[in-house]
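# Report on the structure
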Amino acid sequence: MWSAGRGRAAGPALLGLLLALSLSGGRAAKTDAGLVTCGSVLKLFNTQHRVRLHSHDIKYGSGSGQQSVTGVEASDDANSYWRIRGDTEGGCPRGSPVRCGQAVRLTHVLTGKNLHTHHFPSPLTNNQEVSAFGEDGEGDDLDLWTVRCSGLHWEREAAVRFQHVGTSVFLSVTGEQYGSPIRGQHEVHGMASASAHNKWKAMEGVFIKPSPEAPGGHDEL
């Protein structure tokens, strides 16, 4: 049986972010191809199955019982925003471009939990379960994902893969859909091999852009 958590109130900074996204139509500026940077908040789009990475305060009814992670077709769901962060050693300064091969944490904006995987079977396909774990952005070493891309940095227009540091699986979708209470949402899981099922592209969001005037960077909508 699936279970709903108690929920978490959105703080002022988050409310401001969501307002900015709604006023901009949820789109990042397209003045150039651009790079994905540390501290940015974005949605991730699976290019094969055309769903966005999503989470919500609903726990798996099997496996770990942790907060579920799914894929949704809607482009305007606020539960699909993730913040790009470095590891616990602070290796991802705000506004710095994310390097190909760099390990990052993906923190779900509305619940503060990190994208996570571990050796539990996923509910529909018996692949590796992907969950959201931790509190206020702090979880454990199974929250780290390596960005697999070509070139030096993660480009916004390029499809990339996320390979889990601890178990080596790739963040994937293969099309299976849940029934109630999250009817129509797609299972997200870990798969052992790279394929078209695990390609993701940066979509709507707020990107932190490095600036000579402010070494920490500033927001670009």
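Everything below is about the structure shown above.
This write-up is about the structure you can find in this document. (Residues numbered from 1 in each chain as written. Predicted model: local features only at pLDDT ≥ 70, side-chain atom pairs only at ≥ 80, totals over all residues. Heavy atoms only, no water.)

## Quick notes on the pattern of salt bridges
Inclusion rule: Salt bridge, as used here: a side-chain nitrogen of Lys or Arg that lies within 4 Å of a carboxyl oxygen of Asp or Glu. For the purposes of this entry, the term helix denotes a DSSP run of H or I that reaches at least four residues, the term strand denotes a run of E that reaches at least two, and both are numbered from the N terminus. Each residue's exposure class comes from its accessible area (1.4 Å probe, protein chains only) as a fraction of the maximum for that residue type: buried when under 20%, exposed when over 50%, partly exposed otherwise.
Applying the stated rule across the entire model yields five salt bridges. Residues Arg52 and Glu204 are paired through a salt bridge, measuring 2.8 Å at the closest nitrogen-oxygen approach. In this pair, Arg52 sits in strand S3 (residues 51–59) while Glu204 sits in strand S13 (residues 200–209), placing the two residues 152 residues apart along the sequence. A single burial state applies to Arg52 and to Glu204, both of which are buried. The partner of Arg105 in a salt bridge is Glu138, and the shortest N-O contact between them spans 3.4 Å. Within this pair, whereas Arg105 is found in strand S6 (residues 103–108), its partner Glu138 is found in the loop between strand S8 (128–133) and strand S9 (145–148), the two being separated by 33 residues in sequence. Residue Arg105 is classed as buried on the basis of its relative accessible area of 7%. Residue classification places Glu138 among the partly exposed residues on the basis of a relative accessible area of 43%.

## Section: the state of the cysteines
Selection rule: When two cysteine sulfur atoms lie within 2.5 Å, the pair is treated as a disulfide.
Summed over the entire model, instances satisfying the criterion amount to two disulfides. Linked covalently through their sulfurs, Cys100 and Cys149 form a disulfide whose S-S length is 2.0 Å. Note on the Cys100 and Cys149 pair: the S-S dihedral is about -115 degrees, so by sign convention the disulfide is left-handed. Within this pair, whereas Cys100 is found in the loop between strand S5 (82–85) and S6, its partner Cys149 is found in the loop between S9 and strand S10 (161–164), the two being separated by 49 residues in sequence. Under the relative-accessibility criterion, Cys100 is labelled buried at 18%. Sequence-ordered numbering of the bonded cysteines in the protein chain gives a disulfide pattern of 1-2, 3-4.

## Structural notes on the nonpolar core
Put simply, the rule reads: For this analysis, a nonpolar core means a set of buried residues of the types Ala, Val, Leu, Ile, Met, Phe, Trp, Tyr and Cys, connected via side-chain atoms within 4.5 Å. Contacts are assigned to residue pairs that have any heavy atoms within 4.5 Å of one another.
In terms of nonpolar packing, the biggest core is built from 31 residues, with Leu53, Val69, Leu115, Trp154, Phe162 and Leu171 touching the most fellow members. Beyond its immediate chain neighbours, meaning those up to four positions away, Val69 contacts Leu53, His54, Ser55, Tyr60, Trp82, Leu115, Val130, Ser131, Ala132 and Val188.

## Re the environment of Gly139
Looking at the element boundaries, Gly139 is found in the loop between S8 and S9. Those residues in contact with Gly139, other than ones at most four positions away along the chain, are Asn114, Phe133 and Gly134.

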